[in-house]
Amino acid sequence: IHNNLGAALLDLGRYQQAADNISRALELDPAMAEAENNLGRVLIRIGQYAAAAEKFKKAAALNPEFATAYTNLGSTLLRDGRLDEAEAALVRALELNPRMVEAINNMGNLQVRSRRLDEGLASYRRALDIRPGYADAGSNLIFALDFHPTATNEEMFAERNRWNETHVAPLR
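Computed from a prediction, not measured in an experiment: that's the story for all the values here.

K.L.:
In this structure, what is going on with the overall build of the protein chain? I would like to understand it.
P.N.:
Helices and strands together make up the secondary structure of the protein chain, namely ten helices and zero strands. Along the protein chain, helices and strands appear, N-terminal first, in the series α-α-α-α-α-α-α-α-α-α. Seen through its C-alpha atoms, the protein chain measures out along the principal axes to roughly 55 × 40 × 25 Å. The buried share of the protein chain, reckoned over its 172 residues, is 41%. Here the protein chain displays about 9300 Å² of accessible surface, and carbon together with sulfur accounts for 51% of that area. When the 20 basic and 23 acidic side-chain charges of the protein chain are each reduced to a single mean position, those positions are 3 Å apart.

Structure representation (structure tokens):
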């Protein structure tokens, strides 16, 4: 219950209370991978990226089948420019769950950052095939197209239109 309460408090932006509850969950069950992962998420929100990465590593060590921990680890390592380590974590996440759109999107981010634009575009499109309207992948796809040397104006326009129809039009 403490881990779930902590996760809810995290979503409400009440980081200290979230950390306190998640830490209590870990006192009660030191092998709770989900709590280690959630504590890593709290640390991300307060800007403690190195500590967060350690929590995600611990979560993955506690449960080697926990794809979310590998996804979060990959994203955190990517943020710190540790591309090889990030890619290994994301590859593992996708081995465990090939349809995890967060991992696919993060892999796309890594590929674009590594100047592998075609691979990045393919990853974003794959994420959107799995979850149409996934905002992160759609936004990243548009951004990557802006830098792709062979992207056509028509292609960029079509993606921006798709984004607007999905995310802007409903707000009108």
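K.L.:
Please clarify how the packing of helix H4 (residues 49-62) against helix H5 (residues 67-79) should be interpreted in this entry.
P.N.:
Describing two packed helices takes the angle between their axes plus the distance from one axis to the other. It is the contact of H4 with H5, at a shortest axis distance of 9 Å, that shows an interaxial angle of 155°. One way to sum up the angle between H4 and H5 is to call them roughly antiparallel. You can see that H4 and H5 cross each other, and the crossing is left-handed. Along the contact surface, H4 presents Tyr49, Ala53, Phe56, Lys57, Ala59 and Ala60, while H5 presents Ala69, Tyr70, Asn72, Leu73, Thr76, Leu77 and Arg79. Tallied by class, the residues present in the contact of H4 with H5 amount to nine nonpolar, two polar and two charged.

K.L.:
I keep staring at the packing of aromatic side chains and nothing clicks. Help me out?
P.N.:
Aromatic ring pairs are reported here in terms of the distance separating the ring centres and the angle at which the planes meet. Tallied over the entire structure, the rule returns one aromatic pair. It is arginine 79 that lies over the ring of tyrosine 49; its NZ or CZ is 3.4 Å from the centre. When the ring centre of tyrosine 134 is taken as origin, the NZ or CZ atom of arginine 131, which lies over that ring, is 4.9 Å away.

The rules behind these values
- Residues numbered from 1 in each chain as written.
- Predicted model: local features only at pLDDT ≥ 70, side-chain atom pairs only at ≥ 80, totals over all residues.
- Heavy atoms only, no water.
- Helix = DSSP H or I, 4+ residues; strand = E, 2+ residues; numbered from the N terminus.
- Buried < 20%, exposed > 50% of the residue type's maximum accessible area, 1.4 Å probe, protein only.
- Areas by Shrake-Rupley, 256 points an atom, 1.4 Å probe, with all protein chains shown as cover.
- Lys, Arg positive; Asp, Glu negative; His and termini not counted.
- Charge placed at Lys NZ, Arg CZ, Asp CG, Glu CD.
- Axes fitted to C-alpha atoms, helices over the stretch in contact; angles between N-to-C directions.
- Parallel < 35°, antiparallel > 145°, perpendicular 65-115°, else oblique.
- Left-handed = near helix turned anticlockwise from the far one by under 90°.
- Contact = heavy atoms within 4.5 Å.
- Nonpolar A, V, L, I, M, F, W, Y, C, P; charged D, E, K, R; others polar.
- Phe/Tyr/Trp six-rings, centres within 6.5 Å; stacked < 30°, edge-to-face > 60°.
- Lys NZ or Arg CZ within 6 Å of the ring centre and 35° of its normal.

Distances and angles like these do not, on their own, reveal function.
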